Amino acid sequence: MGSQKKRPVSLTAQDREELVRVTTTGVRGASMIMRARVLLALDSSVGEVDTKEAIAVRLGVSGETLRLVAKRFAETGGDVHATIARKKRDLPPVPSPVTGEVEARLIAMACSQPPQGYARWSLRLLEKHVALVEDIPDLDHSTIGRILKKRNCVLT
């Protein structure tokens, strides 16, 4: 079997006990339990391991799942908890265009005098004026409202 030769999974007795506890007791996510069962099935420290196809059929997962769990076990250096747990995301997928400087400029604009012909600022009017300023990214009126609400700034 290719992946077992390339990335053998060998667990200590303590790791096996912990994985058995994860699969049998407590409330955990289905994917965590599934990865723990895969690690237990791929463990070569207790004897001969079945073929990849047999393990996949017995556990009800794909061969790709077996490969990915074995790969993650090797990448984490044999850390069982890091292998079965969800990965934490490093950063949000899209950074927010609203920084502290943008908030400060927006609040300063909202606190200033409204343009000629208007009695007060509205969210839509602020949206139009933010689009005219080059240093501030274009913001939607709902985003502007959220920023002002967060800073307890009331348009009057």
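Residues numbered from 1 in each chain as written. Predicted model: local features only at pLDDT ≥ 70, side-chain atom pairs only at ≥ 80, totals over all residues. Heavy atoms only, no water.

Now for the overall build of the protein chain. Along the backbone of the protein chain there are nine helices and zero strands. Mapped in sequence order, the helices and strands of the protein chain form the string α-α-α-α-α-α-α-α-α. Whereas a compact globule of 156 residues would reach a radius of gyration of roughly 15 Å, the protein chain reaches 28 Å, over 25% beyond that. For the C-alpha atoms alone, the extent of the protein chain along its principal axes is close to 85 × 30 × 25 Å. The contacts of the protein chain with a sequence gap of at least 6 include a subset with a gap of at least 24, amounting to 54%. Carbon and sulfur atoms make up 52% of the accessible area of the protein chain, which amounts to about 10,400 Å² in all. The averaged location of the 18 negative side-chain charges in the protein chain is 4 Å from the averaged location of its 25 positive side-chain charges. (Helix = DSSP H or I, 4+ residues; strand = E, 2+ residues; numbered from the N terminus. Rg over C-alpha atoms; globule rule 2.2 N^0.38 Å. Contact = heavy atoms within 4.5 Å. Areas by Shrake-Rupley, 256 points an atom, 1.4 Å probe, with all protein chains shown as cover. Lys, Arg positive; Asp, Glu negative; His and termini not counted. Charge placed at Lys NZ, Arg CZ, Asp CG, Glu CD.)

The next thing to look at is the nonpolar core. Membership of the largest hydrophobic core comes to 21 residues, with the highest contact counts inside it found for Val9, Leu11, Leu19, Val38, Leu39 and Ile55. Every element with two or more residues in this core is listed here: helix H2 (13-24), helix H3 (30-42), helix H4 (52-59), helix H5 (63-75) and helix H6 (80-84). At six residues, the largest contribution of residues to this core is made by H3. Apart from residues lying up to four places away in sequence, Leu11 is in contact with Arg16, Leu19, Leu39, Leu40, Asp43, Ser45, Phe73 and Val80. (Core = buried A, V, L, I, M, F, W, Y, C linked by side-chain atoms within 4.5 Å. Buried < 20%, exposed > 50% of the residue type's maximum accessible area, 1.4 Å probe, protein only.)

We now examine the packing of H2 against H3. In the contact formed by H2 and H3, the axes pass within 9 Å of each other and the chain directions differ by 140°. Taken together, the axis directions place H2 and H3 in an arrangement best described as oblique. In this structure, H2 meets H3 at a crossing whose hand is left-handed. Where H2 abuts H3, its residues Arg16, Leu19, Val20, Val22 and Thr23 lie against Met32, Ile33, Ala36, Arg37, Leu39 and Leu40. Residues that form the contact of H2 with H3 fall into these classes: eight nonpolar, one polar and two charged. (Axes fitted to C-alpha atoms, helices over the stretch in contact; angles between N-to-C directions. Parallel < 35°, antiparallel > 145°, perpendicular 65-115°, else oblique. Left-handed = near helix turned anticlockwise from the far one by under 90°. Nonpolar A, V, L, I, M, F, W, Y, C, P; charged D, E, K, R; others polar.)

Scanning all chains against the criterion turns up eight salt bridges. Among the salt bridges present, the one from Arg21 reaches Glu17, with a minimum N-O distance of 3.1 Å. Taken together, the residues Arg21 and Glu17, both in helix H2 and four residues apart, mark about one turn of the helix. A residue is classified by how much of its surface remains accessible, and Arg21, at 36% relative accessible area, is partly exposed. Across the pair Glu18 and Arg21 runs a salt bridge, and its minimum N-O distance is 2.6 Å. A residue pair is termed a helical-turn pair when its members lie 3 or 4 positions apart in one helix, as Glu18 and Arg21 do in helix H2 at three residues. Glu18 sits in the partly exposed class, given a relative accessible area of 23%. (Salt bridge = Lys/Arg side-chain N within 4 Å of Asp/Glu carboxyl O.)

Moving on to H2. Over its 12 residues, H2 runs 16 Å from end to end, which matches the ideal 16 Å to within 8%, given 1.5 Å per residue. Following H2 by one or two positions, Gly26 adopts a phi angle in the positive range, close to 80°. (Expected span 1.5 Å × (residues − 1).)

Scored by pLDDT, the protein chain has a mean of 89; 97% of the residues are at 70 or more. The element-level mean pLDDT for the protein chain is lowest in helix H1 (residues 2-6), coming to 60, with helix H8 (residues 123-132) highest at 94. (pLDDT = per-residue confidence, 0-100.)

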